[in-house]
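This is what each chain is made of:
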Amino acid sequence: MQEINVQYVAELARIRLTEEEETRFGGQLSQILEYVDKLNQLDVEGIDPMTHAVPLVNVTRKDEVQPSLSNELALKNAPASLNGLFKVPKIVE
Amino acid sequence: MDKSIHAFLSINKQGVLDQAEKADREIAEKGLSADRPLLGIPIAIKDVLAEKGAPLTCGSRLLRDFVSPYDATVVTQLKNAGALTFGRLNMDEFAMGSSTENSSVGPTCNPWDYSRIPGGSSGGSAASVVADECIASLGSDTGGSIRQPASLCGCVGLKPTYGRVSRYGLVAFASSLDQVGCNTKTVSDAATMLGVISGYDKRDSTSVPRSVPEYSAALQSSIKGMKIGLPKEYFVEGMQPEVASSIRQAVEKLEELGAEIVEVSLPHTEYAVACYYIIATAEASTNLARFDGIRYGYRVDGKNPFELYCATRGSGFGEEVKRRIILGTYVLSSGYYDAYYLKAQKVRSLIAGDFTKVFETVDALVTPTSPTTAWKLGEKMDDPLQMYLSDVCTLSSNLAGNCGISIPCGFTDNPTLPIGLQLLGPPFSEETLLKIAGDFEQATDWHCRKPVINNAGA
Amino acid sequence: MEYEIVIGLETHVQLKTRSKMWCGCVNQFGGEPNTHVCPVCLGFPGVLPVANEEALRLTVLTGMLLNCGLPKRAKFDRKNYFYPDASKNYQITQYDLPSTLKGCVEFESENKTCRVGITRAHLEEDVGKSSHFDRVSGVDFNRAGVPLLEIVSEPEITSVQMASDYLNELKTILIYGGISDCDMEKGMVRCDLNLSTRPVGQKELGKKVEIKNMNSFSGARKALTYEMNRQIKVLRNGGALIQETRRWDDAEGMTHSMRSKEMAHDYRYLPEPDLMPFEPETAWYDSIRESVVELPLARKRRYMKDYGLPPKDTETLVSNPSLAGYFEKAAEHSKKPKAVANLILNNLRACMSESNHSVDDLKIQPTHIHELVQLVDSGKINSRIAQEVFNAVYESGKSPQGIVEEKGLAQVSDSSTIDAFCDEVIKANPKSVEDFQAGKQNALNFLKGQVMRLSKGKANPALVGQVLEKRILNP
Ligand SMILES: [Mg+2]
Ligand SMILES: [Zn+2]
């Protein structure tokens, strides 16, 4: 059975889990991975991966300036702001 | 209204009155016109589509206070067509679920039986239409999220071809699978809605530049001489017997109406659920990375950004969303990409190839929409895999990018619960699907049956 | 034991477009915080990116200028990482199918011609900018989504000087091509440094040390020098280097290990589902090829060969494309391109810096420079008067010929006039005449000066000398 290091993956995804969630998800995800293992029954040698549902290419826009939001509207949904900036805990490199 | 089924998350009472008054004035002054086909018609919107000045919560605690500063393209199209957009519909959080139980504010109930789920993730969209709380609604369909609730609640649910309707303003779950569509009371309403929301959008790079036909006109012609395939793989083990027999009767009806029915095969069908859950969760894990409590949304503070992210997302997202993000993160992570994501994309090619091949010989496919009728609230909540398997009939067409429609085709007896018939067609064959669905609807009266809505409160 | 260093550079350059990469917000430095933002570049729920065609064009043009291959198919990918300045918590970039591949830059360094391979130049987006306060930080997303070109060199640079020359050449090429303004002050160019050290003769590379986000070339130079010395010292003392990321502290002048408890990077790249791939047509490539300009090094070589200019003058001209263009127009039909260059490098540049003019706002035209040189060359005016004429043309934009006529500045070569001036000066300065007769050469210069003054500078100085000498020595 495929084991997931749930704690590592949750950290990569920036999601804090309770211990109880970690255990439960671990079991459920292993079960799901076991199920998706059936894909290995298929020979996909030489098959192109399908990334998009439509076969378009070269979709671009013209380099034209459009109006932006006001600072007020940009920050309207922000949980915290400071001098027109989005306020965050101190970023240390 | 809405106390017993809880289809709505919010309603803009004053807004809708103002819009209605304006519409009345316009009708009085200019009468009805073809370019305003929805003038004065109340349309409700799944809370996953941005509407300027309205909440956009996606059924999530993380976005509980978010107010959109812009309109989704489909919302602009609805407004231009004269629709009254008045309310936001309940859904599984970020459209992840098949029962609308994953909404942070509680489930929507099935209008036919309040102890049952309405399907999902667009449970609010289907339930509100069936409960006569609106004329039509917009939803989104990533793996069956419009069609499956349509089937379980008893209305029409249309998932257009990928690229037919703009996704700009649709909060992404799985970008390469998501498509905006509608729930309606009749096939003719679906044609009208599709005519309004279809078309190329320069804001969506995956939108297909292709003219929009007169969908309503397609309903005039008959299905005589059409060839409709019956894919044997869709009559899965564990299918509810009443569902199987209703579909068989429906197929007989289509034959009666002049269609030729042939059995066909989509050999990779059994891999669709596995393929889908890898692709959908992988895309979701990156699409939902933006919900971090920095620029908007619910925030749990932390002593540094890392702590803030983990705390915010840990308590802001519900269980199913977290489970899927973790699965999606895992399948993309270093060392696993080829084994899972790349592999799934290759299998996706095979699944799409099945459809391409079969559509060389038939005009459309007929299948059940859901292998079962609506189940009890809570019944599958502890078993995510069983929940995922309930989408088995719908999600292949998202993988392939095809169009599909679900229409009522019967009821179980005790309890009385609707059964849905699914029609699938190749890309951009919505006219064909509408034609078949329309003929079937004309020849049956399933769509006329209504649940009794008791709004005293459940 | 002797050691050698190997350097690779990743240079990030903001492209010169009107709007951002995925949205219509203006691509402009500065502005009040969070005013050049919209739902798209703020990563609001539901938005979608649409690629800016001009950014793609500039990327391909860069590829052409850097002799890169242009693949048949390119695409965008998501690079996932959480950071407060990344509005989607992924960066849209080109991972395995970039728009350009495998090229090279040729430049001169320490009197040699060098060639450094370019691994790729790919298109991506810039992030927002954080400001740090006492206890908190704040993020401005005006810069988020600005098109950014990442130019990755092969690890083929073998000295700090060569790295510096490479960067300067790259910058000049990008300015030449109109790809970027490369304004360092505005953060338009930033680079990541990779440096490793190995004993001379060892084949495999040493442990790679990465120094990220240098925003000035002088800083890059200092960081490389410091890091080179540090690494050699560690190895000399028998120590071992580790592969790591280090941070340059400009104030201290040192690099520090970012010995991170931070997790190993796992970017979980995946193809961007919201953007379609690119399969450029030949016609599009051809249309871009028309914008390919001559590279600075080629231009330098041509100037030296065709105009006979010395290396230093050439470099000065070539480093300023608009001035170089001006020079070429002025020198086009000139018999004295060197005189044209001198006038531009000395007089014109001095006036421009004094009056703060750019080439575009000049009244004096390249044809004026050409004409002025011709006036001197034909003896119509002397070189002192030429300065005066230059200043007048610079101010007014009138033709040099016109100024000479208007102000009567033509050189006097007419012998009877010059004879008369000389006689007058000889008469007035008997002492100097005597001195000259006694063999003092300086005295003649003094007398010459007097004649020039009398003629208001217009007398032909060579003629004046001859006449004075003749009259004094053979009266
Ligand atoms: Mg990069
Ligand atoms: Zn923007």
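Conventions adopted
- Residues numbered from 1 in each chain as written.
- Chains lettered and ligands numbered in written order.
- Predicted model: local features only at pLDDT ≥ 70, side-chain atom pairs only at ≥ 80, totals over all residues.
- Heavy atoms only, no water.
- Axes fitted to C-alpha atoms, helices over the stretch in contact; angles between N-to-C directions.
- Helix = DSSP H or I, 4+ residues; strand = E, 2+ residues; numbered from the N terminus.
- Parallel < 35°, antiparallel > 145°, perpendicular 65-115°, else oblique.
- Contact = heavy atoms within 4.5 Å.
- Donors = N, O, S within 2.8 Å, 3.2 Å for Na, K, Ca; no water.
- Buried < 20%, exposed > 50% of the residue type's maximum accessible area, 1.4 Å probe, protein only.
- Buried area = accessible area lost by both parts, 1.4 Å probe.
- Polar contact = N/O pair within 3.5 Å; in protein donor to acceptor, adjacent residues only side chain to side chain.
- Nonpolar A, V, L, I, M, F, W, Y, C, P; charged D, E, K, R; others polar.
- Phe/Tyr/Trp six-rings, centres within 6.5 Å; stacked < 30°, edge-to-face > 60°.
- Lys NZ or Arg CZ within 6 Å of the ring centre and 35° of its normal.
- Tetrahedral: all angles 85-135°; square planar, octahedral: opposite > 155°, others 65-115°.
- Pairing = 2+ DSSP bridges.

Would you mind going over the packing of helix α13 (residues 430-437) of chain C against helix α15 (residues 461-473) of chain C with me for this structure?
Each pair of packed helices gets described by two things: the angle between the helix axes and the distance between those axes. Residue and element names in this part refer to chain C. Two elements in contact, α13 and α15, have axes separated by 10 Å at closest approach and are oriented at 85°. In terms of axis orientation, α13 runs roughly perpendicular to α15. Touching V433, F436 and Q437 of α13 are E469, I472 and L473, all from α15.

Any chance you could explain the coordination of the magnesium ion (ligand 1) here in plain terms?
Around a metal, the ideal angle is 109.5 degrees if four donors adopt a tetrahedral arrangement and 90 or 180 degrees if six donors adopt an octahedral arrangement. Residues and elements named next belong to chain C. Distances from the magnesium ion (ligand 1) to its protein donors, E124 (OE), E124 (OE) and E150 (OE), fall within 1.9 to 2.6 Å. Linking E124 in strand β6 (residues 112-125) with E150 in strand β9 (residues 147-153), this pair joins segments that are 26 residues apart in sequence. On the basis of relative accessible area, E124 is assigned to the buried category, the value being 3%. Residue classification places E150 among the buried positions, given a relative accessible area of 10%.

What should I look at first to understand the interface of chain B and chain A in this one?
Where the parts come together, the accessible area they lose is often given as the size of the interface. The interface of chain B with chain A comprises 68 residues on the first partner and 50 residues on the second. Counting the surface lost from both chain B and chain A, the interface buries some 5,200 Å², and carbon and sulfur atoms represent 69% of this. Applying the counting criterion to the chain B and chain A interface returns 15 residue pairs in polar contact (both at pLDDT 80 or more). The residue inventory of the side of chain B that touches chain A, partitioned by class, reads 37 nonpolar, 15 polar and 16 charged.

Just checking my understanding: could you explain the packing of aromatic side chains for this structure?
The final tally for this structure, using the stated rule, is 31 aromatic pairs over all chains. A ring pair is formed by Y276(B) and Y277(B), whose centres lie 4.9 Å apart and whose planes are at 75°; its orientation type is edge-to-face. Judged on exposure class, the residue Y276(B) and its partner Y277(B) are both buried. With 3.7 Å between their ring centres and 5° between their planes, Y95(C) and Y269(C) make a pair best called stacked. Of this pair, Y95(C) sits in the loop between β4 (90-93) and β5 (100-109) while Y269(C) sits in the loop between β13 (254-257) and β14 (270-271); the two residues are 174 residues apart in sequence, bridging distant segments of the chain. By relative accessible area, which is 40% here, Y95(C) ends up partly exposed. Members of the aromatic cluster, connected to one another through ring pairs, are F66(B), F94(B), F291(B), Y296(B), F317(B) and F44(C). Above the plane of the ring of Y271(B) lies K38(A), whose end atom (NZ or CZ) is 5.8 Å from the centre. The side chain of K380(B) reaches across the aromatic face of W375(B), ending 3.9 Å from its centre.

Which parts of the structure should I look at to understand unusual backbone geometry?
Glycine aside, a negative phi is what most residues show, and trans is what most peptide bonds show. Residue and element names in this part refer to chain B. Note that the residue after G120, namely S121, is joined by a cis bond; omega there is 5°. Looking at where S121 falls in the secondary structure, it is placed in the loop between β3 (84-89) and α3 (123-130). Look at the link from N414 to P415: it is a cis peptide, with omega at 5°. Mapped onto the fold, P415 is located in the loop between β10 (403-411) and β11 (418-425).

What am I meant to see in the coordination of the zinc ion (ligand 2) here?
Residue and element names in this part refer to chain C. Those donors, C23 (SG), C25 (SG), C38 (SG) and C41 (SG), are the protein atoms that reach the zinc ion (ligand 2), and they lie 2.3 to 2.4 Å from it. Taken together, the four donor atoms coordinating the zinc ion (ligand 2) and their angles of 99 to 116° define a geometry best described as tetrahedral. Within one chain, the residues serving as donors to the zinc ion (ligand 2) are arranged as C-x1-C-x12-C-x2-C. Of this pair, C25 sits in the loop between β1 (3-14) and β2 (51-52) while C41 sits in the loop between β1 and β2, placing them 16 residues apart in sequence. Since its relative accessible area comes to 1%, C25 is described here as buried. Residue classification places C41 among the buried positions, given a relative accessible area of 5%.

Is there a simple way to explain the sheet that holds strand β6 (residues 179-184) of chain B in this structure?
The pairing of strands in a sheet happens through backbone hydrogen bonds and is either parallel or antiparallel. Residue and element names in this part refer to chain B. Reading across the sheet, the 11 strands line up as β1-β3-β2-β4-β6-β5-β10-β11-β9-β7-β8 and stay open at both edges, with mixed pairing between neighbours. Because the sheet does not close on itself, it has two edges, and the strands there are β1 (8-11) and β8 (260-264). On average, each strand axis in the sheet is tilted by 30° relative to the strand beside it, whichever way the strands run. Alignment of strand β7 (residues 227-231) against strand β9 (residues 364-368), held across two bridges, turns out to be parallel. Looking at β9, one finds that I228 is bridged to A364. Helix α1 (residues 13-30) contacts β1 and β3 of the sheet and is inclined by roughly 155° relative to β3.

Explanation requested: the side chain of D204(B) in the structure shown.
Within the secondary structure, D204(B) sits in the loop between α5 (187-197) and α6 (215-218). A polar contact is formed between the side chain of D204(B) and the backbone nitrogen of R167(B), at a distance of 2.9 Å. Setting aside its immediate chain neighbours within four residues, D204(B) contacts V165(B), S166(B), R167(B), Y168(B), L48(C) and V50(C).

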